[in-house]
Amino acid sequence: MYMRKMIITLCLAMMASLQGKGQEDWKLKVNKEGIEIYTKPSILNAKLKAIRVRCELPATLTQLVYIVLDVNAGADWVYSTKSSTLLKQVSPAEVYYYSEVSLPWPCSNRDFVAHLTARQDPQTKVVTIDGPTVDGMVPEKKNIVRVSKSSGKWIITPLPNRNVRIDYTLETDPGGALPAWLVNLFVTKGPMETFRKLKEQVAKPAYRNVKLPFVVE
């Protein structure tokens, strides 16, 4: 029994150490306009970077969650998105959608199907939205590279005075060969442009009085 407890304790200590190391790996690349962008080596592809964006926005928790789940409007604010289309609405908190991402010539566009699920912690009111890619819902298209390995996560924390704190992370392997300059463009410029546009999206009248049954302010 003693040995078993020792093994469990050692395993928990190792997990905590690894978690702490993972948090330390993030390197701040951009800090302007209230938007912080971090990167670290991706676990999906060592040649690529995982992205983390942190910022605060003047919005209610409901507004922000609603916008993320309003996938048909994704092309309005997500950088380089050519199209974004709802495939299946499972519930107000769960959707599947298809998106095509425009890349400059001579690179082929990318596309993917993602599964968004939102949940709120009843104590902290923090909303987490997971968005991994899934296979099989849309046939692959000619001259478009299908992204099969990607996972995004939103952690949205309510703040006083109708503000929210966003902590967004993304790991993706776009597949195929991409030049370094293009990869760097999506690591730095892409997140900055996306979150600038998100600020504009939040201010649109269409999202002023939205409601979600699973979100408590």
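K.L.:
Explain the overall build of the protein residue by residue, including any values.
P.N.:
A count of helices and strands for the protein gives 3 helices and 10 strands. In sequence order, the protein lays out its α and β elements as α-β-β-β-α-β-β-β-β-β-β-β-α. Long-range contacts, defined as pairs at least 24 residues apart, comprise 55% of the intrachain contacts of the protein with a sequence gap of at least 6.

K.L.:
Summarise the environment of Ile166; cite the residues concerned and give the values.
P.N.:
Along the chain, Ile166 turns up in strand 10 (residues 163-173). Sequence separation between Ile166 and Arg54 is 112 residues; the distance between their C-alpha atoms is 5.5 Å. With residues up to four places along the chain from it excluded, the contact list for Ile166 reads Val53, Arg54, Cys55, Leu57, Leu64, Trp154, Ile155, Phe195 and Leu198.

K.L.:
Summarise the pattern of salt bridges; cite the residues concerned and give the values.
P.N.:
Going through the model one piece at a time under the given rule, you end up with 10 salt bridges. Salt-bridge contacts for Arg146 lead to Asp111; the nearest nitrogen and oxygen are separated by 2.7 Å. Taken together, the positions of Arg146 in strand 8 (residues 144-146) and Asp111 in strand 6 (residues 109-120) put the pair 35 residues apart, joining distant regions of the chain. Summarising the burial analysis for this pair, Arg146 and Asp111 share the class buried. By sharing partners, the salt bridges in this structure join Glu33, Glu193 and Arg196 into a single network.

K.L.:
Lay out the nonpolar core with the relevant residues and their values.
P.N.:
By size, the foremost hydrophobic cluster in this structure holds 44 residues, and its most contacted members are Leu64, Ile129, Trp154, Ile166, Phe195 and Leu198. Here the element with the most residues in this core is helix 2 (residues 61-69); it accounts for 6 residues. For Leu64, the residues in contact, after removing those within four places along its chain, are Leu57, Ala59, Trp154, Ile156, Val164, Ile166 and Val202.

K.L.:
Now, about the packing of aromatic side chains: what can you tell me, with residues and values included?
P.N.:
What the rule picks out here adds up to 6 aromatic pairs. Look at Tyr66 and Tyr207: their rings are 6.0 Å apart centre to centre, the planes differ by 70°, and that puts the pair in the edge-to-face class. In this pair, Tyr66 is assigned in helix 2 and Tyr207 in the segment after helix 3 (180-202), connecting sequence segments 141 residues apart. Classification of Tyr66 as partly exposed rests on a relative accessible area of 30%.

K.L.:
Could you give an account of the side chain of Thr60, with specific residues and numbers?
P.N.:
With respect to the secondary-structure elements, Thr60 resides in the loop between strand 3 (49-57) and helix 2. Using a relative accessible area of 12% as the deciding quantity, one classes Thr60 as buried. Apart from residues lying up to four places away in sequence, Thr60 is in contact with Arg162, Val164 and Glu217.

K.L.:
Which residues make up the side chain of Asp111, and what are the values?
P.N.:
Given the relative accessible area of 0%, Asp111 is considered buried. Here the side chain of Asp111 touches Arg146 through a polar contact of 2.7 Å, side chain to side chain.

K.L.:
Could you give me a rundown of the confidence of the model for the protein, with the residues and numbers involved?
P.N.:
Residues at a pLDDT of 70 or more form 88% of the protein, whose mean pLDDT is 88. With pLDDT under 50 throughout, residues 1-23 is counted as low confidence; its partners more than four residues away or in other chains account for 1 contact.

K.L.:
Got a sec to walk through unusual backbone geometry? Specific residues and values, please.
P.N.:
Residue Trp105 is joined to Pro106 through a cis peptide bond whose omega torsion reads 10°. The topology assignment puts Pro106 in the loop between strand 5 (94-101) and strand 6. With a phi angle near 65°, Asn143 is a residue other than glycine that sits in the positive phi range. One can find Asn143 in the loop between strand 7 (127-132) and strand 8.

Analysis parameters
- Residues numbered from 1 in each chain as written.
- Predicted model: local features only at pLDDT ≥ 70, side-chain atom pairs only at ≥ 80, totals over all residues.
- Heavy atoms only, no water.
- Helix = DSSP H or I, 4+ residues; strand = E, 2+ residues; numbered from the N terminus.
- Contact = heavy atoms within 4.5 Å.
- Salt bridge = Lys/Arg side-chain N within 4 Å of Asp/Glu carboxyl O.
- Buried < 20%, exposed > 50% of the residue type's maximum accessible area, 1.4 Å probe, protein only.
- Core = buried A, V, L, I, M, F, W, Y, C linked by side-chain atoms within 4.5 Å.
- Phe/Tyr/Trp six-rings, centres within 6.5 Å; stacked < 30°, edge-to-face > 60°.
- Polar contact = N/O pair within 3.5 Å; in protein donor to acceptor, adjacent residues only side chain to side chain.
- pLDDT = per-residue confidence, 0-100.

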